[in-house]
Every structure is written in C-alpha cells, then in structure tokens.
Amino acid sequence: MVAWPGMGPLEELLFLGTLMALGAFSIDVMLPALEATAHRYGTSPTAAQLVVGLYFLGFALGQRLWGPLMDALGRRKVLRGALFGFSLAALATVAAPGFSLLLAARFVQGFFAASFRIGVTASIRDRYRGEAMARRLSYALLVLMVAPVLAPALGVALLALGPWAPYALPAFLGLLALLWSGRFRETLPEEARRPLRLASLGEGALLVLRDRRAGLYALALGGVFGILYAYLAASAELYKAHLGLSNPAFALAFGATGLVLAGANLLGPQVVARLGLGKALRRAVAGLLALLLFLPLHALAPRPFPFWLHLTSVLLLVVFTFPNAQARALEGLGKVAGLAASFTGFLSTLLAALLGTLVGQASGGAPLPFSLGLLGLGVLAFAAVFLAEASPLCGSPPPGGPGGSPPGSAPPGGGGGPGG
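None of the values given here were measured: they were computed from a predicted structure. Just so you know, the residues in each chain are numbered from 1, in the order the chain's sequence is written. This being a predicted model, a pLDDT of at least 70 is required before a residue's local features are given, and a value of 80 or more before pairs of side-chain atoms are given or counted; all residues contribute to the totals for chains, interfaces and linings. Water and hydrogen atoms play no part in the side-chain values, which are based on all heavy atoms of the structure.

This part is about the overall build of the protein chain. Broken down by element type, the protein chain carries 17 helices and 0 strands. Put simply, 86% of the contacts in the protein chain that link residues at least 6 apart link residues at least 24 apart. Carbon and sulfur atoms make up 73% of the accessible area of the protein chain, which totals about 15,500 Å². Helix and strand definitions follow DSSP, with helices as H or I runs of at least four residues and strands as E runs of at least two, each counted in order from the N terminus. Should any heavy atoms of two residues lie within 4.5 Å, those residues are considered in contact. Calculation of accessible area relied on Shrake-Rupley with a 1.4 Å probe; when residues are assessed, cover is drawn exclusively from the protein chains displayed.

This is the structure in structure tokens:
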C-alpha cells in the first residue's frame with residue numbers, strides 16, 4: 001500500500017485550523033434552524049438552545065479522555081478515529097425521530113468534537129512554546145473564523161430543503177476531513193509517549209494540579225468561553241425575537257461579526273510580539289471587562305446596529321484572549337502537553353458549558369439579563385487572569401528568553417519532542 005505524502009507546514013496549519021472550524025461549524029450552521037427545530041419537535045425556541053448546550057457539555061466531558069489517549073497513542077491515530085465517530089453522530093442528528101434522541105446525538109457529536117481542540121493544541125504544543133505557540137494558535141483560529149462567516153448563511157439556505165438539512169452538513173464535512181487526515185503526520189514521537197496507565201495518569205494530573213497558574217487560567221478560559229457559548233446559544237433569540245431581525249438578517253449580522261473577528265485575529269500575533277504575552281493578555285481582559293460593564297446600560301434601550309457593534313467588540317477581545325491564555329496556561333507543562341491541554345480544556349469548557357447554557361436559558365435572549373450574565377462571566381475571567389499573572393511559573397523558563405522557543409524549535413520535556 002502506497003503511503004500518502006505528509007503535509008507541509010502551511011497545509012498542516014490549515015488542516016489543524018479546519019479541525020477547529022469543524023467543531024464550530026457544527027454549531028453555527030444550525031443557529032438559523034433552532035426555530036425550525038423547535039417546530040419540528042414541538043418544543044420552545046429557548047428549549048431548542050439545548051441543541052447547542054448539550055453539544056458543549058459533550059465537548060467538555062470528552063476532553064478528559066482525548067488528551068491522555070493522544071499522549072499514549074499519538075495525535076494522528078486518535079484524531080482519525082474521533083473524526084469517524086463525529087461523522088456518525090452527525091448523521092444520527094439528521095435522522096433523530098424525537099427531541100431527546102436529537103439532544104443525545106448532539107452530546108455524542110460534541111464528545112468526539114472535543115478531540116479536535118485537544119489534538120490541535122497538543123500538536124502545536126509538541127513543537128512550539130510561549131509566544132511562538134500563541135502565534136500559531138492564532139493562525140489556526142483564523143481558519144476557525146470561516147465558520148461564523150459562512151455557516152449561518154449556509155444554514156438559512158439549507159433550511160429550504162428541510163429542518164434536518166443544516167444537521168447533515170457537518171456529517172459531510174467530517175467525512176471529508178477524515179479523508180484529508182490521511183496526509184497528517186504524527187507530531188508526538190514514540191519515545192515521548194506516556195503509557196495509558198492509572199499511575200501514569202495520576203503523575204501527569206499531579207503535574208497539572210501543582211501548577212496554580214494553569215488552574216487559574218482554566219477558570220479564566222471558562223469565563224471567556226462562557227461569554228462565547230452564551231452568545232452562540234442565545235444569539236438567534238436575541239437578534240430575531242428581541243431585536244426584530246429576520247432569518248437572513250440574523251445570518252448577515254452573525255457572519256459580519258465573524259468577519260470582523262477574522263480580520264482582527266490577524267493582528268493578534270503582532271500585538272503579542274510588541275507587548276509580550278502577559279502584558280497583552282492583561283490589557284485584553286481589562287478592555288473586555290470595561291466593555292461588559294457598559295453592555296447592560298446599552299441593553300436598556302437596544303437598537304440593532306449599535307448593540308451588534310458593542311457585542312462584536314466584546315467578542316473580538318474574547319477571541320484575542322483565547323490563544324494567549326491557553327499558551328500561558330501550558331507554558332510550564334511541556335512534559336504532559338496532551339494531558340495538560342485535556343485537563344485545562346475540560347475544566348474551562350465544562351465551566352463555560354454550564355455557565356453559558358445557564359445565561360442563555362435564563363435570559364431567553366432578552367438583552368438586559370443576557371448582558372448581565374456576560375458581565376458576570378467577564379468578572380470571573382478578569383479576576384482569574386490577574387491572579388494567575390501574580391503566580392510563579394511552574395518549571396524552568398523556556399529557552400530563548402521569556403518569549404519562548406524560537407519558531408521551529410522543540411520545547412524541553414518528553415511530551416514536547418519534534419514531530420515526525
């Protein structure tokens with residue numbers, strides 16, 4: 001059997017970004033279909049938000065499995081298996097005869113999608129560290145930004161075929177990504193893998209738990225992601241039921257936000273290079289909190305465009321904060337990169353899924369309670385980042401100074417060797 005040629009650096013970054021986008025696409029493409037889903041299964045639009053919330057919950061719980069598996073078996077094999085499971089679960093959402101079965105299939109789909117975030121983060125961490133890692137995560141996120149730009153418009157178009165059609169697209173895209181993954185080269189060499197034993201898992205978990213900064217950054221990421229998750233869950237009701245937008249206008253507003261975030265994401269690595277990772281992150285969360293403090297005042301008498309602009313500015317800082325906080329959390333954990341990404345990802349995503357779903361369900365998309373919920377999540381992120389920055393870095397400083405390893409170099413430790 002002839003082996004497929006491996007990916008070059010640019011194609012690999014594009015592939016990893018596509019994996020992250022696939023998980024997001026599976027949410028965004030069906031946001032215009034939530035009302036149709038509610039009609040199809042005889043439930044309310046607010047209850048239909050659980051199609052998003054259960055996906056997030058499965059995503060959170062899946063991260064406890066995928067990191068240790070990838071540290072033991074390698075990134076490539078586990079990612080390919082998860083892509084297959086994701087595609088099957090996506091097909092089940094198309095054919096689900098009842099709302100409970102739809103939610104169960106969405107939970108399983110989110111569970112498999114969790115492997116994409118873990119695999120992308122750990123694969124990049126295998127080769128890079130510090131600012132170099134944050135830069136590459138930002139570029140991978142740039143591909144992810146395609147999802148909110150295109151997915152809602154595609155969801156509106158697919159609704160013409162029926163309420164099931166937006167659920168079918170992720171299954172098709174998952175199968176295409178599975179074929180493409182045949183070219184992905186393993187980034188974790190055999191000698192750097194950690195056996196999947198309870199003793200080994202316990203040792204790795206202790207290394208993560210002893211890093212106070214990693215725990216605090218997991219809380220910060222929980223708050224930041226909670227803002228994003230609440231927005232994703234409630235945006236359809238917010239814009240359509242409370243701000244009076246039609247389905248096509250909602251898709252346009254949602255896609256325009258994604259386009260702004262994609263453009264701004266290009267500037268993220270330059271800002272970090274100029275200010276340094278820690279300083280840029282502190283300024284971002286301070287700006288985020290300032291914007292969120294004024295959002296409830298704006299929500300007292302919201303008009304569609306000004307409110308959209310304010311909310312888009314909030315999300316811009318959310319997107320900037322994610323790769324930098326993630327890189328900061330993993331700086332001292334190169335020996336267990338997969339487990340560290342899994343553990344911090346699990347804590348942050350579980351917190352975000354619970355709090356974001358709570359904000360969406362409690363507010364029903366109404367602007368004022370929605371804005372107050374986002375403010376609470378912003379306060380959590382702000383406090384956690386500033387406490388983390390006051391904590392010492394676990395382990396030795398990275399080679400090449402505080403900025404991290406130079407591009408192309410490998411971080412020290414067993415889990416961070418050069419890729420194959």
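From this point, the discussion proceeds with the structure in view.
Another aspect to go through is helix α6 (residues 99–127). With 29 residues, α6 extends 43 Å between its outermost C-alpha atoms, agreeing within 8% with the 42 Å of an ideal straight helix rising 1.5 Å per residue. Buried residues are those whose accessible area, probed at 1.4 Å on protein chains only, stays under 20% of the maximum for their type, while exposed residues exceed 50% and partly exposed ones sit between those limits. Within α6, 22 of the 29 residues are buried, which leaves the element mostly enclosed by the surrounding structure. Expected helix span is computed as 1.5 Å times (number of residues minus one).

What follows is about the pattern of salt bridges. Should a side-chain nitrogen of Lys or Arg be within 4 Å of a carboxyl oxygen of Asp or Glu, the pair is scored as a salt bridge. Inspection of every chain in the model, using the stated rule, returns 7 salt bridges. For the salt bridge of Asp71 with Arg75, the shortest nitrogen-to-oxygen distance reads 2.9 Å. Each member of the pair, Asp71 as well as Arg75, is classed as buried. With its nearest N and O atoms 3.5 Å apart, the salt bridge here joins Arg193 to Glu190. Here the residues in one salt-bridge network are Asp71, Arg75 and Asp126, joined through shared partners.

If you look at the biggest cluster of nonpolar residues, it comprises 115 residues, and the most contacted ones within it are Ile227, Leu311 and Phe370. In this structure, Leu311 is in contact with Tyr231, Leu238, Tyr239, Leu295, Phe370 and Leu374, ignoring residues within four places of it in sequence. What we call a nonpolar core is a set of buried Ala, Val, Leu, Ile, Met, Phe, Trp, Tyr and Cys residues that are connected through their side-chain atoms within 4.5 Å.

When two helices pack together, you describe them by how their axes are tilted relative to each other and by the distance separating the axes. Viewed as axis vectors pointing N to C, helix α1 (residues 9–28) and helix α4 (residues 50–73) meet at an angle of 155°, and their least axial separation amounts to 10 Å. The angle between the axes of α1 and α4 places the two elements in the roughly antiparallel class. The residues of α4 that touch α1, namely those facing Gly23, Ser26 and Ile27, are Val52, Tyr55 and Phe56. Across the contact of α1 with α4, the residue classes tally to 4 nonpolar, 2 polar and no charged. The axes are straight lines fitted to the C-alpha atoms, using for helices just the contacting stretch, and the angles between their N-to-C directions are given from 0 to 180°. Throughout this description, any angle smaller than 35 degrees is read as roughly parallel, any larger than 145 degrees as roughly antiparallel, any in the 65 to 115 degree range as roughly perpendicular, and the remainder as oblique. Each residue receives one of three labels: charged for Asp, Glu, Lys and Arg, nonpolar for Ala, Val, Leu, Ile, Met, Phe, Trp, Tyr, Cys and Pro, and polar for the others, Gly being one of them.

Okay, the confidence of the model for the protein chain next. Low-pLDDT portions of the prediction should not be read for the details of their coordinates. A score between 0 and 100, pLDDT records how confident the predictor is in each residue. With 85% of its residues at a pLDDT of 70 or more, the protein chain has an overall mean of 83. Below pLDDT 50 for its whole length, residues 396–420 participates in 60 contacts with residues either more than four positions away or in separate chains.

Here we take up the packing of helix α14 (residues 277–299) against helix α15 (residues 304–330). At a minimum axis separation of 9 Å, α14 and α15 run at an interaxial angle of 155°. With respect to their mutual orientation, α14 and α15 come out roughly antiparallel. In this structure, α14 meets α15 at a crossing whose hand is left-handed. Per-class residue counts for the contact of α14 with α15 are 20 nonpolar, 7 polar and 1 charged. Helix crossings are classified by the rotation of the near helix relative to the far one: an anticlockwise turn of less than a right angle makes the crossing left-handed, while a clockwise turn makes it right-handed.

What follows covers the side chain of Arg106. Tracing the chain through its elements places Arg106 in helix α6. Charge counting treats Lys and Arg as positive and Asp and Glu as negative, with His and both chain ends excluded. No salt bridge is formed by the buried Arg106; its nearest oppositely charged neighbour, Asp28, is found at 8.6 Å. One polar contact links Arg106 to Gln109, side chain to side chain, over a distance of 3.2 Å. In this structure Arg106 touches Ser26, Ile27, Met30, Val51, Val52, Leu54, Tyr55, Thr93 and Tyr167, once residues within four positions along its chain are discounted. Between N or O atoms, a polar contact is any pair within 3.5 Å; within protein, one atom must be a potential hydrogen donor and the other a potential acceptor, and residues adjacent in sequence are included only when both atoms are from side chains.

It is worth spelling out the packing of aromatic side chains at this point. Centre distance within 6.5 Å is the pairing criterion for rings of Phe, Tyr and Trp, where only the six-membered ring of Trp is used; planes under 30 degrees apart are then read as stacked, over 60 as edge-to-face, and the remainder as tilted. One pass over the full model with this rule turns up 16 aromatic pairs. Ring centres 5.4 Å apart and planes at 65° place the aromatic pair Phe86 and Phe116 in the edge-to-face group. Placement of Phe86 in helix α5 (residues 75–95) and of Phe116 in helix α6 is noted, with a sequence separation of 30 residues between them. Note on Phe86: relative accessible area 0%, which makes it buried. Each ring, one from Phe305 and one from Trp308, has its centre 5.6 Å from the other, and the planes form 25°; the classification is stacked. With Phe305 and Trp308 both in helix α15, this residue pair falls 3 residues apart, about one helical turn. Taken together, the aromatic side chains of Tyr55, Phe56, Phe225, Tyr229 and Phe322 make up a single cluster linked through ring pairs.

Before going further, it helps to examine helix α11 (residues 212–242). In this model α11 runs 42 Å from its N-terminal to its C-terminal C-alpha over 31 residues, within 8% of the 45 Å that 1.5 Å per residue would give. Residue Ala234 marks the point of greatest curvature in α11, where the axis turns by about 60°. Within α11, 25 of the 31 residues are buried, which leaves it mostly tucked inside the rest of the structure. Of the residues flanking the end of α11, it is Gly244, one or two places downstream, whose phi is positive at about 80°. The angle between axes fitted to the seven residues ending at a residue and the seven residues starting there is what we call the bend at that residue.

Moving on, we get to the side chain of Ser371. Looking at the element boundaries, Ser371 is found in helix α17 (residues 367–389). Overall, the relative accessible area of 0% leaves Ser371 in the buried class. What Ser371 contacts, discounting residues up to four positions off in sequence, is Leu295, Pro296, Ala299 and Phe307.

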